[in-house]
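Coordinate inspection notes
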Amino acid sequence: MAGDLTGLHALVTGAGRGIGSAIAQALAGAGADISLLGRSRADLERVAATLGEVRRSCQVADVSDADSVRAAVAAAGAALGPLTVLVNNAGQAQSAKFADTSDALWNSLLAVNLTGTFFCMRECLP
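Residues numbered from 1 in each chain as written. Predicted model: local features only at pLDDT ≥ 70, side-chain atom pairs only at ≥ 80, totals over all residues. Heavy atoms only, no water.

Remarks on the overall build of the chain
So the rule is basically this: Secondary structure elements are taken from DSSP: a helix is a run of H or I of four residues or more, a strand is a run of E of two residues or more, and numbering for both begins at the N terminus. Note on method: radius of gyration uses C-alpha positions; expected globular size equals 2.2 Å times residues raised to 0.38. The classification of residues rests on relative accessible area computed with a 1.4 Å probe and restricted to protein chains. Under 20% of the type maximum is buried, over 50% is exposed, and intermediate values are partly exposed. Two residues form a contact once any of their heavy atoms are found within 4.5 Å. Only the protein chains shown count as cover for residues, with accessible areas throughout obtained via the Shrake-Rupley method and a probe of 1.4 Å. The charged-residue count follows a simple rule in which Lys and Arg add positive charge and Asp and Glu add negative charge, with His and chain termini not counted at all. Each charge is placed at NZ for Lys, CZ for Arg, CG for Asp and CD for Glu.
Per the secondary structure count, the chain includes four helices and four strands. A globule of 126 residues ought to have a C-alpha radius of gyration of about 14 Å, and the chain, at 15 Å, matches this closely. The dimensions of the chain, computed from C-alpha atoms along their principal axes, are 50 × 25 × 25 Å. The burial tally for the chain puts 40% of its 126 residues in the buried class. Taking contacts inside the chain between residues at least 6 apart in sequence as the whole, the part at least 24 apart equals 57%. Here the chain displays about 6900 Å² of accessible surface, and carbon together with sulfur accounts for 57% of that area. For the chain, the distance from the average site of its 9 positive side-chain charges to the average site of its 11 negative ones is 2 Å.

Right, here's the structure in full:
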């Protein structure tokens, strides 16, 4: 990642593995303080251990739950100061053929991929 992000506080959702982990590592490599948000404390702590010397926090939350997001964003701010960067990476990738997609799967996809993005943006924007 190009540029110096020293002094910025980035919150990365879905940070416990995959793309979220790589994004957190890139932001940390550029000097940003990192709040990792995800559903598994063990996964978040594993990623946190790879971030080098930057300040970091781990926030366990379900992005599809407004109260969970609110508490996690508040805890991240308390730990590392005001947020300046949000990476809405959390997502669900389950799928089925259109005709076989259950209501539960559809609602889960919307809750995580759309509503979760909204909840995170709403809490981080102020």
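Quick word on the nonpolar core
The nonpolar side chains of soluble globular proteins are, as a tendency, buried together. This is how it is decided: As used here, the term nonpolar core means buried Ala, Val, Leu, Ile, Met, Phe, Trp, Tyr and Cys residues forming a set that is joined through side-chain atoms within 4.5 Å.
Of all hydrophobic cores here, the largest spans 18 residues; its most connected members are Val 12, Ala 24, Leu 27, Ile 34, Leu 36 and Leu 51. Going through the elements one at a time, strand E1 (9-13), helix H1 (18-29), strand E2 (33-38) and helix H2 (41-48) are the ones with two or more residues in this core. The residues touching Ala 24, leaving out its near neighbours within four places in the chain, are Val 12, Ile 34, Leu 36 and Leu 51. Formed by 14 residues, the second largest nonpolar core is a distinct cluster that contains Ala 66, Ala 72, Val 112 and Cys 120.

Describing the pattern of salt bridges
Applied cut-off: For this analysis, a salt bridge means a side-chain nitrogen from Lys or Arg found within 4 Å of a carboxyl oxygen belonging to Asp or Glu.
Under the counting rule described, the total for this entry stands at four salt bridges. A salt bridge links Glu 123 to Arg 70; the nearest nitrogen and oxygen atoms lie 3.6 Å apart. Taken as a pair, Glu 123 in helix H4 (residues 103-124) and Arg 70 in helix H3 (residues 66-80) lie far apart in primary sequence, 53 residues in all. What emerges from the salt-bridge pattern is a single network uniting Asp 67, Arg 70 and Glu 123.

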